[in-house]
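If you want the building blocks of each chain, they are given just below.
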Amino acid sequence: MDIMLFHSRYGLRPAVEAAAERFRAAGHEVWTPDLFDGRVFDDLEESRAFREETGHEELLKRAILAAAPLSERGLVYAGFSLGAAVAQNLAFGDEKARGLLLMHGTSDIAEDASVDELPVQLHVADPDPFEPHDWLTAWYLRMGKAGADVEVHRYPGAGHLYTDPDLADYDEDAAEQTWRVALDFLDSLGER
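Enquirer: Can you tell me about the overall build of the protein chain, naming the residues and giving the values?
Expert: Of regular secondary structure, the protein chain possesses six helices and six strands. Going residue by residue from the N terminus, the α and β elements of the protein chain occur as β-α-β-α-α-β-α-β-β-α-β-α. Rg of the C-alpha trace for the protein chain: 15 Å, near the compact-globule value of 16 Å for 192 residues, within the 12% margin. For the protein chain, the C-alpha atoms occupy an extent of roughly 40 × 35 × 35 Å along the three principal directions. Burial statistics for the protein chain: of 192 residues in total, 52% are counted as buried.

See below:
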């Protein structure tokens, strides 16, 4: 599979590159665009200020410019937290998208959104302060209405960005389970 993997609100941290290497070791080709132009954050407030200054539309534009030259290949869009929201937006706008792998985040879905049985897998902490249960239930229903084929995997007791070993949220067991399930998901896309 060809995977476009977007980083979280903390920027292109080593954990994103480590995830890309896991996917590459399993035989996938992976791109990790830097939407923050080299900026990396340890602090949520600094990251939030940078995102507000840069603007949502500009970040989405950067993501589109990174993915557009590769779109013909039939990409799997993937991302962490903010990057998951970006990946979801791009997958819904790309009729050649092969799949959508979301870790720690989702995005709004337009009322008239439509995809043709797009395979979607979400991995999220349970509970997650950024992805509350009511939101996830509504998101799941809207994804189904849009035509997506959705799996949701929840990890009780894990922190929001539990796959990043350099953050306080890290949960080794949940992270390893996520990687196993995600790799199986990617393999299943190759069989479609």
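So much for the structure itself; the text now carries on.
Enquirer: Give a description of a nonpolar patch on the surface that names residues and reports values.
Expert: A contiguous nonpolar surface patch, about 280 Å² in accessible area, is contributed by Tyr140, Leu141 and Val152. Mapped onto the fold, Tyr140 is located in helix α5 (residues 133–146). Using a relative accessible area of 41% as the deciding quantity, one classes Tyr140 as partly exposed.

Enquirer: Explain the packing of helix α1 (residues 14–25) against helix α6 (residues 172–190) to me, using residue names and the numbers behind them.
Expert: Remark: α1 packs on α6, axes separated minimally by 11 Å, with the N-to-C direction vectors making an angle of 45 degrees. Classified by the angle their axes make, α1 and α6 are oblique. As α1 packs across α6, the resulting crossing turns out to be right-handed. The residues of α6 that touch α1, namely those facing Ala19, Arg22 and Phe23, are Glu176, Trp179, Leu183 and Leu186.

Enquirer: Lay out the nonpolar core in plain terms, naming residues and giving numbers.
Expert: One finds Leu5, Phe6, Tyr77, Leu100, Val120 and Met143 to be the most contacted residues of the largest nonpolar core, which totals 62 residues. Not counting residues up to four positions away in its chain, the partners in contact with Met143 are Phe92, Leu100, Ile109, Val120, Ala148 and Val150.

Enquirer: Describe the pairing of strand β5 (residues 119–126), listing the residues and the values that go with them.
Expert: Note on strand geometry: in a regular strand, side chains alternate between the two faces of the sheet. Across the eight residues that make up β5, a large majority, seven, are buried. In this sheet, β5 lies alongside strand β4 (residues 99–103) in parallel orientation, the contact comprising four bridges. Paired with Met103 across the two strands is His123, which belongs to β5. Relative to strand β6 (residues 149–156), β5 runs parallel, the two being bridged by eight bridges. Note that in β6 the partner of Asp126 across the bridge is Pro156. Handedness of the β-α-β unit built from β5, α5 and β6 comes out right-handed.

Enquirer: Quick rundown of the side chain of Asp128? Include the residues and the values.
Expert: One can find Asp128 in the loop between β5 and α5. Apart from the residues within four sequence positions on either side, Asp128 is in contact with His104 and His160.

Enquirer: Help me get a handle on the sheet that holds strand β1 (residues 2–6), residues and values and all.
Expert: Here we have six strands laid out as an open sheet, ordered β2-β1-β3-β4-β5-β6, and parallel in their pairing. Each edge of the open sheet is held by one strand with a lone partner, namely β2 (29–31) and β6. Adjacent strand axes in the sheet meet at a mean angle of 15 degrees when their direction is disregarded. Sheet strands in contact with α1 are β1, β2, β3 (76–80) and β4, and its direction is about 165 degrees off that of β1. Along the sheet, α6 contacts β1, β3, β4, β5 and β6; its crossing angle with β5, the most-contacted strand, is approximately 175 degrees.

Enquirer: Outline the side chain of His123, listing residues and values.
Expert: Within the secondary structure layout, His123 lies in strand β5. Side-chain polar atoms of His123 contact the side chain of Tyr155, separated by 2.8 Å. Setting aside anything within four residues of it in sequence, one finds His123 in contact with Leu101, Leu102, Met103, His104, His153, Tyr155, Tyr162, Thr178, Val181 and Ala182.

Enquirer: Provide a residue-level description of the environment of Asp171, including the pertinent values.
Expert: One can find Asp171 in the loop between β6 and α6. On a C-alpha basis, the gap between Asp171 and Gly27 in space is 26 Å, while along the polypeptide they are 144 residues apart. Apart from the residues within four sequence positions on either side, Asp171 is in contact with Gly157, Ala158 and Tyr162. Polar side-chain contacts of Asp171 include one of 3.2 Å to the backbone nitrogen of Asp173.

Conventions adopted
Residues numbered from 1 in each chain as written. Predicted model: local features only at pLDDT ≥ 70, side-chain atom pairs only at ≥ 80, totals over all residues. Heavy atoms only, no water. Helix = DSSP H or I, 4+ residues; strand = E, 2+ residues; numbered from the N terminus. Rg over C-alpha atoms; globule rule 2.2 N^0.38 Å. Buried < 20%, exposed > 50% of the residue type's maximum accessible area, 1.4 Å probe, protein only. Patch = residues over 30% accessible without salt bridge, like charges linked within 9 Å, V, L, I, M, F, W, Y side chains within 5 Å. Areas by Shrake-Rupley, 256 points an atom, 1.4 Å probe, with all protein chains shown as cover. Salt bridge = Lys/Arg side-chain N within 4 Å of Asp/Glu carboxyl O. Axes fitted to C-alpha atoms, helices over the stretch in contact; angles between N-to-C directions. Parallel < 35°, antiparallel > 145°, perpendicular 65-115°, else oblique. Left-handed = near helix turned anticlockwise from the far one by under 90°. Contact = heavy atoms within 4.5 Å. Core = buried A, V, L, I, M, F, W, Y, C linked by side-chain atoms within 4.5 Å. Pairing = 2+ DSSP bridges. Right-handed = clockwise from strand over helix to strand, strands pointing away. Polar contact = N/O pair within 3.5 Å; in protein donor to acceptor, adjacent residues only side chain to side chain.

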